[in-house]
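Residues per chain, in single letters:
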Amino acid sequence: MTTANPETSPSLTTPRRRPWLRALVAVACVLGCAGTSRFAAAGDVIRIGELNAYKTFPAFLEPYRKGWQLALEEINAAGGVAGRRLEVVSRDDNGNPGDAVRVAEELASREHVVALFGGFASHVGLAVSDFARQRRILFLAAEPLSDKLVWQNGNRYTFRLRASTYMQTAMLVPEAVRLHRRRWALVYPNYEYGQAAAEAFKALLKARQPDVEFVAEQAPPLGKIDAGATVQALASAKPDAIFSALFATDLAKFVRAGNTRGLFRGREVFNLLGGEPEYLDPLRAETPAGWYVTGYPWRSISTPAHTRFLDAYRARWHDYPRLGSVVGYVAMHAVAAAISRAGDTQTEKLVDAMEGLDLDTPFGPIRFRAIDHQSTMGAFVGRLAQKDGRGVMVDWVYRDGAAYLPPDDVVRTLRPAH
Amino acid sequence: MNLLEVRNVSRCYGSVRAVDDVSFDVAARERVALIGPNGAGKSTCFGIVGGQMRPDAGTVTLAGERVTGMDPASLFRRGLGRTFQVTATFASMTVAENVQTALTSHGRHSLRPFGRATRLSRTQAHDLLDRVGLGEQAERPCAELAYGDLKRVELAMALANAPRLLLMDEPTAGMAPPDRHALMELVSGLVQDRALAVLFTEHDMDIVFGHADRVLVLDHGRIVAAGDPGSVRANAEVRRLYLGESQP
Amino acid sequence: MTVADTLSQLVNGLAGASTLFLLASGLSLIFGVTRVVNFAHGSLYMIGTYVGIAVAEHVGGATGFWLALPVAAAIAGALGFAVETTVLRRVYRAPELFQLLATFALVLILKDATLIVWGPEDVLGPRAPGLEDAVRVGDATLAKYDLFLVIVGPLVLAALDLVFRRTRWGLLVRAATQDREMLGALGVNQRWLFTGVFVLGSALAGLAGALQMPREPASLSLDLTAITDAFVVVVVGGLGSLRGAFLAAVLIGVLKALCVALGTVEVAGWSFNVSKLTLVIEFALMAVTLAARPWGLGGRPFPLEERRATVELAKTPGIRFWLGIVALLVLCALAPLVTDEYTLVLATDVLVFTLFATSLHFLMGPGGMASFGHAAFFGIGAYTAALAVRSAGVPMLVALALAPGTAALAGLVVGWFCVRLSGVYLAMLTLAFAQIAWSVVFQWDDVTGGSNGLFGIWPPGWASDRATFYLLALALCAAGVVALWTVVNAPFGFALRAARDASTRAEAVGIRVRRVRWLAFGLAAAAAGLAGALYVFAKGGLSPEVMAIPRSVDGLVMVLLGGVGTLVGPVVGAALFTWLQDFTLRHTEYWRLVLGAVILLAVLAFPNGVAGGLARLRERLA
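Positions within a chain are numbered from 1, following the residues in the order the chain's sequence is written. Written order decides the labels, with chains lettered from A and ligands numbered from 1. With the structure being a predicted model, the display of local features is reserved for residues of pLDDT at least 70 and the display and counting of side-chain atom pairs for 80 or more, all residues being used for whole-chain, interface and lining totals. Side-chain numbers here rest on the full set of heavy atoms in the structure, without hydrogens or water.

1. Focus: the interface of chain A and chain C
- Of the residues lining the interface, 77 residues belong to chain A; the matching set on chain C comes to 80 residues.
- Buried area is understood as the total, over both parts, of accessible area removed when two parts are fitted together, assessed with a 1.4 Å probe. Counting each side, the surface lost to burial between chain A and chain C is near 6800 Å², with a carbon and sulfur contribution of 50%.
- Three residues, K55(A), R102(A) and R256(A), lead the burial of chain A against chain C; their summed loss comes to 12% of the area buried on that side.
- Salt bridge, as used here, is a side-chain nitrogen of Lys or Arg placed within 4 Å of a carboxyl oxygen of Asp or Glu. In this assembly, chain A and chain C are joined by 15 salt bridges.
- A salt bridge links R102(A) to D582(C), with the shortest nitrogen-to-oxygen separation between them at 3.3 Å.
- Counting of polar contacts relies on pairs of N or O atoms within 3.5 Å, with two restrictions inside protein: one atom must be capable of donating a hydrogen and the other of accepting it, and residues adjacent in sequence are counted only when both atoms are side-chain atoms. Our enumeration of links across chain A and chain C arrives at 39 residue pairs in polar contact (both at pLDDT 80 or more).
- The classification used treats Ala, Val, Leu, Ile, Met, Phe, Trp, Tyr, Cys and Pro as nonpolar, Asp, Glu, Lys and Arg as charged, and all other residues, Gly among them, as polar. Residues that form the side of chain A that touches chain C fall into these classes: 26 nonpolar, 24 polar and 27 charged. Residue contacts are counted whenever heavy atoms from the two residues lie within 4.5 Å of one another.

Here is the structure:
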């Protein structure tokens with residue numbers, strides 16, 4: 001589907017309340033959209049490819065799509081980039097690496113896009129990143145959190161926007177050290193993200209608080225946590241504090257089972273990503289007060305940059321932004337800024353322009369580091385609270401990503417390719 | 001030496017003794033009928049001789065070799081052919097292909113992964129089919145055949161390994177009376193030509209007394225009478241037990 | 001573990017078992033009576049949760065919650081009624097497992113429909129009024145709602161038991177499960193019996209979903225987690241056996257809780273996190289159960305009659321067929337001259353899946369052995385190739401040659417166990433092995449790259465050009481497919497078909513049925529392994545998804561879509577499915593809905609598969 005001009009694409013403007021209309025749109029899309037992308041004129045537009053697992057992780061990616069669409073409209077309303085209109089060719093990658101690589105190939109060879117951005121799951125992000133290396137095309141990984149994307153498996157053509165697993169974990173560690181609890185229990189989804197988060201947390205905390213003891217470790221399968229049993233097992237270990245990397249469905253089940261059984265009473269709980277609206281909002285009255293989380297307290301950020309974004313987003317979509325919205329919005333602007341800085345759409349020049357690129361975002365200024373292609377976009381660290389039956393983040397601070405990355409000499413060893 | 005020797009064979013299902021200490025012989029060129037009321041143990045006996053079941057006790061000897069509990073495929077290699085009470089043919093194949101498959105197996109080519117199977121043993125298959133009177137039907141799908149004809153296909157397959165002993169479980173069930181006799185005549189012809197022995201069960205007493213050289217009567221898992229058709233027909237216990245109730 | 005811990009974990013396990021049992025009992029009933037492998041059962045469960053929450057919140061309070069349960073059951077039952085009467089009823093007579101394709105389409109449709117109605121965000125339901133908190137028994141903390149669930153499971157079992165033992169309808173259902181001929185003799189209107197059972201089974205799924213409200217948020221991924229768990233319970237318990245299903249659910253629930261409770265254990269200085277076993281424990285249990293008790297805990301052997309009805313005459317293709325194939329291959333080889341790069345990339349995918357589907361068809365069609373875990377061999381071939389390049393640094397062609405070897409070995413190991421079973425039990429045992437293999441690959445970070453997989457494995461310079469690689473894939477896939485077809489038409493293929501058509505007969509003419517089937521497993525696995533290896537180089541890498549359940553299901557869908565009864569079926573199916581998915585993925589918003597609808601239409605229009613349908617059409621025109 002080509003979304004050069006979102007106003008004409010009804011699926012994007014249809015309000016959520018009319019499901020039948022959406023169904024109709026779905027059918028219309030089949031009939032209408034097939035093949036149109038082929039005939040789009042190329043001369044005065046710059047085409048950018050976008051791919052994501054829209055139907056696999058819709059909760060995160062629908063706001064994400066609205067984010068980059070808003071940015072695209074802003075860019076084109078301001079005259080495009082270097083006098084040329086931007087056009088995004090967006091695809092669903094079916095959430096698996098094989099299909100994602102094929103979709104990326106289609107965007108590169110048939111749609112002639114000058115750069116790619118998107119990605120959600122780490123393994124898909126890594127596969128596309130390797131494709132970008134092989135095909136020599138710029139890829140901005142927007143969502144994937146895996147540290148490997150910029151370190152162990154980093155390559156010249158891949159950049160990453162979001163604060164990585166390591167960075168977000170590191171942002172929580174100072175609070176953990178300050179509380180000085182002895183006995184810690186860990187719970188994390190059993191795949192690379194969860195394992196990496198747990199490893200990073202243990203290493204960072206141990207380094208700064210040598211007397212720490214990790215008394216229990218639970219690794220439920222992603223999306224299939226046996227919450228009652230897990231809560232019971234953690235309680236049996238009698239920890240002083242808990243570190244969790246759970247999110248989405250697993251988090252909700254864990255919170256409810258823990259609340260029911262009183263697991264969180266008298267214990268400090270740290271939950272990576274727990275303050276992101278995507279995962280916090282479904283908790284509603286169940287929101288556990290006092291948890292330390294990373295997230296996005298969109299209601300209470302009052303910087304001019306964020307307010308401008310918030311107003312524009314609400315005006316455009318009649319909805320509030322989630323973290324995904326910001327990620328999509330910034331990713332789009334980043335690609336545009338790189339093209340503008342390069343003054344060209346040739347890949348090598350784009351990569352050079354992207355290295356060290358400075359960008360103003362709703363979260364403040366960020367930079368795409370030349371050393372490892374990681375952006376310094378940070379995250380908000382704060383505590384959970386309930387307000388009017390909703391979960392909110394309070395006592396938050398913005399932690400700039402630049403401060404939570406390892407020193408440059410360490411980064412160099414982590415990134416063997418360079 | 002007899003071709004088939006069954007000695008003291010028993011088989012239980014839970015507390016039921018389906019076959020209880022049964023012994024009998026079948027000689028070459030002999031046609032032996034195994035009869036008895038339903039549940040007398042005929043099928044179990046057949047299963048044990050045919051390799052589909054293992055006896056709890058006793059021995060089975062085929063041409064001097066102990067074959068007790070041997071699997072059906074090995075028995076096939078040793079010259080045993082059999083047909084089933086409920087016909088079982090390869091429904092996805094033509095009549096000729098059914099027989100060819102059996103012939104291919106006899107030639108030990110079943111595992112060959114190349115060459116067209118339909119080209120193997122074509123003439124032999126047609127010969128066998130002519131023999132059982134199905135020459136005309138050779139190219140028809142097996143699934144289309146009438147029940148009686150399926151019995152003939154089975155017979156042709158059972159002959160594929162040039163057997164020494166043919167086991168036939170109710171060979172004429174479901175056929176019209178004239179066809180029954182025709183089939184049994186055919187079998188009798190084979191017995192003469194090929195020096196073949198036949199062990200068969202049958203409900204139709206005309207067939208039994210018309211085509212068996214010897215009759216074994218089974219009841220509650222035991223052999224209660226044995227002998228030539230005439231003497232068995234005259235046996236009082238047999239009459240009381242069996243013939244009285246099943247003769248139309 | 002203390003006594004209190006043990007008690008708590010026991011309650012956790014039993015509470016989980018209750019909903020699992022409700023879900024599985026419906027699936028078991030439906031399978032027992034209609035013999036339909038209903039993939040959409042998990043979707044009805046998911047909808048049960050969504051509907052339950054919607055009703056509970058709309059009405060509110062205690063009334064809302066308790067009203068939500070029957071309403072969710074009723075709506076799921078009504079959906080089941082609609083599905084049975086409009087779709088399944090039309091395809092009962094289709095070849096074995098074909099109905100599976102229809103239910104797969106329904107899964108896609110229902111998922112997008114749920115997304116459209118309820119939106120993408122998880123919805124956390126209300127707590128059960130009066131059962132919100134936990135009670136303390138000694139040192140143990142027991143959630144009241146869990147205690148409630150512990151009672152519900154046995155109650156439902158008792159109620160179902162009563163219905164099946166005391167009512168005429170129940171008698172008929174039992175008859176249909178155990179003895180089809182008796183059912184005919186009873187003079188029953190089978191149609192309405194099937195519908196009734198489908199409605200009851202669906203309602204149970206809906207009820208199970210609604211009962212989960214306080215424990216689990218409604219989410220769009222519930223359907224797939226539910227359906228795999230339910231299948232495991234049904235098979236471990238024995239198809240059609242409610243008590244077996246209950247026993248299996250309890251066993252799985254308690255085993256899982258136990259794994260979690262043990263946490264990290266140290267054995268001889270070597271520590272292992274047992275909680276990670278929850279990834280695979282139910283599949284391990286299923287493998288052990290089926291190896292020891294081929295019909296599950298409470299099941300009994302299915303009568304053999306049903307197989308035969310579906311067999312159709314397979315004709316050995318003649319010279320015209322092969323000329324056609326040669327012409328098609330020549331056309332394919334000329335494709336790079338006229339198409340763009342992307343078409344070649346897509347065509348390479350089609351080729352890879354053609355070989356994969358053909359290898360599965362070899363087992364399912366001539367072999368009569370449906371495999372639900374065929375992706376395992378694809379994956380083992382893929383990982384072999386990837387690791388050979390990565391660790392041993394061998395050239396691509398060597399890696400491509402090694403892959404079928406290890407895959408065949410895996411096929412022989414798995415096949416050795418599987419050929420002892422038949423029907424759905426066999427299929428589920430392959431699934432169990434596939435899941436065990438998947439979990440090993442998923443966990444073994446150091447070697448397989450864990451959940452991320454391995455990448456950077458592109459074809460070497462001479463084959464890096466898309467067209468060259470496409471031609472290589474064409475040559476290898478065509479060779480693989482033609483080789484399998486040759487075997488099908490050779491004596492081996494006839495022996496395999498003989499074993500499928502009438503295995504007792506086959507044994508009696510000297511065919512060693514198990515050996516033939518076992519070798520067929522090895523051969524099919526080798527071909528799948530080659531497909532997997534090509535996939536790695538086409539994609540530049542792989543992740544555990546190459547051997548996950550969805551890939552196995554894709555294979556099944558391709559074979560069934562094309563038609564089990566014809567040789568070219570899997571080729572048509574693979575091409576059609578891959579192209580359709582690519583097309584809908586790229587050009588439609590709700591692509592699952594569209595893809596599902598297209599498959600459903602194909603199911604209704606071609607109950608013998610697309611290739612089978614076309615062949616019949618041609619016969620009728622000729």
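2. Topic: the pattern of salt bridges
- All chains considered together, the criterion is met by 64 salt bridges over all chains.
- Across the pair R31(B) and D213(B) runs a salt bridge whose closest N-O atoms are separated by 2.9 Å. Placement of the pair is R31(B) in strand β3 (residues 31-35) and D213(B) in the loop between α7 (205-211) and β9 (214-219), with a sequence separation of 182 residues.
- When a residue's accessible area, from a 1.4 Å probe over protein chains only, is under 20% of the maximum for its type it is buried; when over 50% it is exposed; and in between it is partly exposed. What makes R31(B) buried here is its relative accessible area of 17%.
- Residue classification places D213(B) among the partly exposed positions, given a relative accessible area of 31%.
- Taking the shortest distance from any N to any O, the salt bridge between R215(C) and D146(C) comes out at 2.9 Å. In this pair, R215(C) sits in the loop between α8 (190-211) and α9 (222-237) while D146(C) sits in helix α5 (residues 144-166), placing the two residues 69 residues apart along the sequence. Numbering goes from the N terminus for both helices and strands, where a helix is a DSSP run of H or I of at least four residues and a strand is a run of E of at least two.

3. Thoughts on the nonpolar core
- Definition used in this section: a nonpolar core is a set of buried Ala, Val, Leu, Ile, Met, Phe, Trp, Tyr and Cys residues joined via side-chain atoms within 4.5 Å. By size, the foremost hydrophobic cluster in this structure holds 401 residues, and its most contacted members are L86(A), F117(A), L140(A), F254(A), M332(A) and I599(C).
- The leading source of residues in this core is helix α21 (residues 513-539) of chain C, at 16 residues.
- Setting aside residues up to four positions removed in sequence, F117(A) forms contacts with I48(A), G49(A), E50(A), L51(A), Y64(A), W68(A), V88(A), F139(A), L140(A), A331(A), M332(A) and V335(A).
- Within the second largest apolar cluster, 27 residues are counted, among which are V6(B), V26(B), L62(B) and L216(B).

4. A word on the packing of helix α13 (residues 341-364) of chain C against helix α18 (residues 466-489) of chain C
All names here are of chain C.
- Interaxial angle, 0 to 180 degrees, is taken between N-to-C directions of lines fitted to C-alpha atoms, where a helix line uses only the stretch in contact. Relative orientation of the contacting elements α13 and α18 amounts to 20°, with a least axis distance of 9 Å. On the basis of their axis angle, the class for α13 and α18 is roughly parallel. Note on packing geometry: the crossing formed by α13 with α18 is left-handed.
- The residue inventory of the contact of α13 with α18, partitioned by class, reads 18 nonpolar, five polar and two charged. The cut-offs work like this: below 35 degrees is roughly parallel, past 145 is roughly antiparallel, 65 to 115 is roughly perpendicular, and the gaps in between are oblique. Crossings are sorted by hand: turned counterclockwise from the far helix by less than a right angle, the near helix makes the crossing left-handed, and turned clockwise it makes it right-handed.

5. Focus on the interface of chain C and chain B
- Each side of the interface is counted separately: chain C has 32 residues, and chain B has 38 residues.
- Of all residues in chain C, P491(C), R505(C) and V509(C) give up the largest surface area on contact with chain B, accounting jointly for 25% of the area buried on that side.
- Where chain C touches chain B, the interface holds two salt bridges.
- With a closest N to O distance of 2.9 Å, R512(C) and D71(B) form a salt bridge.

6. Remarks on the state of the cysteines
All names here are of chain B.
- Our working definition of a disulfide is a cysteine sulfur pair at a distance within 2.5 Å. If you walk through the whole model with that rule in mind, you get zero disulfides over all chains.
- Left without a disulfide partner, C12 is nearest to the cysteine sulfur of C45, which lies 13 Å away.
- A residue is classified by how much of its surface remains accessible, and C12, at 26% relative accessible area, is partly exposed.

7. What about the sheet that holds strand β2 (residues 85-92) of chain A?
Residue and element names in this part refer to chain A.
- At least two bridges found by DSSP between two strands are what make those strands a pair. Overall, parallel pairing links the five strands, which are arranged β2-β1-β3-β4-β5 in an open sheet. The open sheet terminates on both sides in strands that have one partner only, identified here as β2 and β5 (158-160). The mean inter-strand angle of the sheet, taken between neighbouring strand axes irrespective of direction, is 25°.
- Bridge count for strand β1 (residues 45-52) against strand β3 (residues 115-118) is four bridges, and the pairing is parallel. In the strand pairing of β3, G49 is matched with L116.
- Contacting β1, β3, β4 (138-141) and β5, helix α4 (residues 122-135) runs over the sheet at an angle of about 160° to β4.

8. Here we look at the pairing of β3(B)
All names here are of chain B.
- For β3, the buried fraction is high: five of the five residues fall into the buried class.
- Side chains of β3 alternate between two faces, with R31, A33 and I35 and V32 and L34 buried alike.
- Sheet topology places β3 next to strand β8 (residues 197-201); four bridges connect them, and they run parallel. From the neighbouring strand, R31 faces β8, where its bridge partner is V198.

9. Details of helix α3 (residues 95-106) of chain B
Residues and elements named next belong to chain B.
- With twelve residues, α3 should cover 16 Å at 1.5 Å per step; its first-to-last C-alpha distance of 17 Å lies within 8% of that length.
- Most of α3 is tucked away: eleven of the twelve residues are buried.
- Of the residues making up α3, those classed as buried are V95, A96, E97, N98, V99, Q100, T101, A102, L103, T104 and S105.
- Just past α3, the residue R108 takes up positive phi, approximately 60°. To estimate the expected span of a helix, count its residues, drop one, and scale the result by 1.5 Å.

10. Regarding the packing of aromatic side chains
Residues and elements named next belong to chain A.
- In this analysis, rings of Phe, Tyr and Trp, with Trp reduced to its six-membered ring, are considered paired at centre separations within 6.5 Å, and the interplanar angle assigns stacked below 30 degrees, edge-to-face beyond 60, and tilted for intermediate values. Under the defined criterion, the tally for this structure stands at 47 aromatic pairs over all chains.
- Ring geometry for F57 and F120: centres 4.5 Å apart, planes at 35°, overall tilted. Of this pair, F57 sits in the loop between β1 and α2 (58-77) while F120 sits in the loop between β3 and α4, and the two are 63 residues apart along the sequence.
- The exposure class assigned to F57 is partly exposed, which follows from its relative accessible area of 31%.
- Taking the centre distance of 5.6 Å and the plane angle of 80° together, the rings of Y193 and F247 count as edge-to-face.

11. Considerations on the side chain of D147(A)
Residue and element names in this part refer to chain A.
- By secondary structure assignment, the location of D147 is in the loop between β4 and β5.
- Lys and Arg are tallied as positive, Asp and Glu as negative. Neither His nor the chain termini are counted. One buried charged residue, D147, remains without a salt bridge, the closest side chain of opposite sign being R160 at 4.7 Å.
- Setting aside residues no more than four positions away along its own chain, D147 makes contact with Q152, R160, S164, T165, Y166 and A196.

12. Observations regarding a positive patch on the surface
Residues and elements named next belong to chain A.
- A contiguous patch of positive charge, built from R299, R314, K387 and R390, is present on the exposed surface.
- Examined against the element boundaries, R390 turns out to sit in strand β14 (residues 390-399).
- Since its relative accessible area comes to 35%, R390 is described here as partly exposed. Only residues above 30% relative accessible area that lack a salt bridge enter a patch, with like-charged residues linked at up to 9 Å and the nonpolar side chains Val, Leu, Ile, Met, Phe, Trp and Tyr linked at up to 5 Å. Only the protein chains shown count as cover for residues, and all accessible areas are computed by the Shrake-Rupley method using a 1.4 Å probe. Charge positions are represented by NZ for Lys, CZ for Arg, CG for Asp and CD for Glu.

13. A look at the confidence of the model for chain C
All names here are of chain C.
- Here chain C averages 90 in pLDDT, while 96% of its residues score no lower than 70.
- Scored between 0 and 100, pLDDT is the confidence that the predictor attaches to each residue. The lowest-confidence element of chain C is helix α7 (residues 180-185), averaging 66 in pLDDT; the highest-confidence one is α21, averaging 97.
- Contacts of residues 303-310 to residues separated by more than four positions or lying in other chains number twelve contacts, the stretch itself having pLDDT below 50.

14. Structural notes on the domain arrangement of chain C
Residue and element names in this part refer to chain C.
- The source of the domain bounds is an automatic or database domain assignment. By the assigned domains, chain C splits into domain 1 (3-301) and domain 2 (317-552).
- Of note, the centres of domain 1 and domain 2, computed from C-alpha atoms alone, are 33 Å apart.
- At the boundary of domain 1 with domain 2, total buried surface from both sides reaches about 1700 Å², with 85% on carbon and sulfur atoms.
- Broken down residue by residue, the surface that domain 1 buries against domain 2 is led by L279, F283 and L290, which jointly contribute 28%.
- On inspection of domain 1 and its partner domain 2, the count reaches zero salt bridges.
- Taken together, the links from domain 1 to domain 2 amount to two residue pairs in polar contact (both at pLDDT 80 or more).

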